[in-house]
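# Secondary and tertiary structure notes
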Amino acid sequence: MKKLKRKDYEELLEPMQVELVAMARWVAAAGKRLVVLFEGRDTAGKGGAIDAIREHLNPRQCRVVALPKPTDREATQWYFQRYAAQMPAAGEIVLFDRSWYNRAGVEKVMGFASEAQVKAFLQQTPAFEKQLVDDGILLFKYWLCCDQEEQEKRFAERGEDPLKRWKLSPIDLDARARYADYTRAREAMLKATHDDFAPWTLVDFNDQKRGRLTLIRDLLDRLPDTHLPESKLKLTPLSGKPHKERYGVLKPIPAFDPQDD
């Protein structure tokens, strides 16, 4: 299948983004708490999908969580503790750019977590997510799928593009040779954590534009009817003559000399 052209993608995305704005309005009005997890291999397209969703949403309502590796102190805490602290309050939306599933993926494959830690994680995660859902959080989990051939193309593109080079870390480069290991880790994770109350949805992201549209459509379709009438806005005419703004290049402010005081 031919990859979707940008023009066609943008024409299809725009009405969905209008729906996303309406969805966010419903979340705020109903006091809902929405959490969406974006998981997948390096270069799968998590950041682009998140950007497409949040582009026109209020950043005070919708925030992205992309946690760095744990500090020494966090490493001694309950594993889910720092993720639980990021959960939304009423009317908020949180998009996780990778989540607690790091333990079943990169930490397992790269040896950052022991087999016992990974086993405990897979046993505890359904109970953790059940508590979230039972407390009223709307939880959606997406895995973005990317074939190894396509992943290699994206790695090469990042290496050649100075605007994307920062996305390549030593761990990313090391992971290139571990594609099959990540596949095995993913399958074990899905088997242990795919539940009726918190199911996984796998989306084909070999074409990232099509993948974004598919993911957003699925998310919108799985939420309740979010249509709320938008309040009408009527601007009253200004009184008096409109003010003009000052513009131009300002002269540098002289450095402060204590001797002049």
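Residues numbered from 1 in each chain as written. Predicted model: local features only at pLDDT ≥ 70, side-chain atom pairs only at ≥ 80, totals over all residues. Heavy atoms only, no water.

The name given to the protein chain in an unreviewed UniProt entry is ADP/GDP-polyphosphate phosphotransferase, and the organism recorded there is Luteimonas galliterrae. Its UniProt record gives the protein chain the following Function (unreviewed entry) comment, quoted word for word: "Uses inorganic polyphosphate (polyP) as a donor to convert GDP to GTP or ADP to ATP." You can read under Sequence similarities (unreviewed entry) in the UniProt record for the protein chain the words "Belongs to the polyphosphate kinase 2 (PPK2) family. Class I subfamily." (UniProt positions renumbered as here; feature names shortened; annotations may be inferred.)

### A few points about the overall build of the protein chain
Helices and strands together make up the secondary structure of the protein chain, namely 9 helices and 5 strands. When its helices and strands are written in sequence order, the protein chain yields α-β-α-β-α-β-α-α-β-α-α-α-β-α. For the C-alpha atoms alone, the extent of the protein chain along its principal axes is close to 70 × 60 × 45 Å. For the protein chain, the residues scored as buried account for 39% of the 261 residues in total. (Helix = DSSP H or I, 4+ residues; strand = E, 2+ residues; numbered from the N terminus. Buried < 20%, exposed > 50% of the residue type's maximum accessible area, 1.4 Å probe, protein only.)

### Some points on the nonpolar core
Core analysis: the largest hydrophobic core is formed by 33 residues, its most contacted members being Ile53 and Ile93. Sorting the residues of this core by element identifies α1 (6–30), β1 (33–40), α2 (46–54), β3 (92–97), β4 (137–145) and α9 (208–222) as the ones contributing at least two each. Take this core: its biggest share by element is 8 residues, from α1. Once you skip the residues sitting within four places of it in the chain, isoleucine 53 turns out to touch Leu20, Phe38, Leu95, Leu215, Ile216 and Leu219. (Core = buried A, V, L, I, M, F, W, Y, C linked by side-chain atoms within 4.5 Å. Contact = heavy atoms within 4.5 Å.)

### Structural notes on helix α8 (residues 179–193)
If you check α8, its first and last C-alpha atoms are 21 Å apart, about what 15 residues at 1.5 Å a residue would give, namely 21 Å. Residues of α8 that are buried make contact with α4 (106–109), α5 (115–134), β4, α6 (148–160), α7 (170–175) and β5 (200–204). (Expected span 1.5 Å × (residues − 1).)

### Quick notes on the pattern of salt bridges
The tally for this structure, following the rule as stated, stands at 20 salt bridges. With a closest N to O distance of 2.9 Å, arginine 98 and aspartate 42 form a salt bridge. Placement of the pair is arginine 98 in the loop between β3 and α4 and aspartate 42 in the loop between β1 and α2, with a sequence separation of 56 residues. For glutamate 150, the salt bridge identified is with arginine 154, shortest N-O distance 3.1 Å. With glutamate 150 and arginine 154 both in helix α6 and 4 residues apart, this pair spans about one turn of that helix. (Salt bridge = Lys/Arg side-chain N within 4 Å of Asp/Glu carboxyl O.)

### Regarding the packing of aromatic side chains
This structure, assessed with the given rule, holds 14 aromatic pairs. Consider the rings of tryptophan 78 and phenylalanine 128, whose centres lie 5.9 Å apart with planes at 80°: the pair is edge-to-face. One end of the pair, tryptophan 78, is in the loop between β2 (62–65) and α3 (81–84); the other, phenylalanine 128, is in helix α5, with 50 residues separating them in the sequence. By relative accessible area, which is 45% here, tryptophan 78 ends up partly exposed. (Phe/Tyr/Trp six-rings, centres within 6.5 Å; stacked < 30°, edge-to-face > 60°.)

### So, the packing of α1 against α9
In the contact formed by α1 and α9, the axes pass within 10 Å of each other and the chain directions differ by 25°. Of the possible angle classes, the one that applies to α1 and α9 is roughly parallel. Judged by the twist between their axes, the crossing of α1 over α9 is left-handed. For the pair α1 and α9, the contacting residues are Arg6, Tyr9, Leu12, Leu13, Met16, Glu19, Leu20 and Met23 in the first and Lys209, Arg212, Leu213, Ile216, Arg217 and Leu220 in the second. A per-class count over the contact of α1 with α9 returns 9 nonpolar, no polar and 5 charged. (Axes fitted to C-alpha atoms, helices over the stretch in contact; angles between N-to-C directions. Parallel < 35°, antiparallel > 145°, perpendicular 65-115°, else oblique. Left-handed = near helix turned anticlockwise from the far one by under 90°. Nonpolar A, V, L, I, M, F, W, Y, C, P; charged D, E, K, R; others polar.)

### Focus: the environment of valine 21
Along the chain, valine 21 turns up in helix α1. Residues valine 21 and asparagine 58, spaced 37 residues apart in sequence, show a C-alpha to C-alpha distance of 8.7 Å. Those residues in contact with valine 21, other than ones at most four positions away along the chain, are His56 and Leu57.

### Comments concerning the sheet that holds β4
Read across the open sheet, the 5 strands follow the order β2-β3-β1-β4-β5; overall the sheet is parallel. Looking along the sheet, the strands with just one partner apiece sit at the ends: β2 and β5. In this sheet, neighbouring strand axes are inclined to one another by 20° on average, regardless of whether the strands run parallel or antiparallel. By the bridge criterion, 5 bridges tie β4 to β5 in an arrangement that is parallel. The partner of cysteine 145 across the bridge, within β5, is aspartate 204. (Pairing = 2+ DSSP bridges.)

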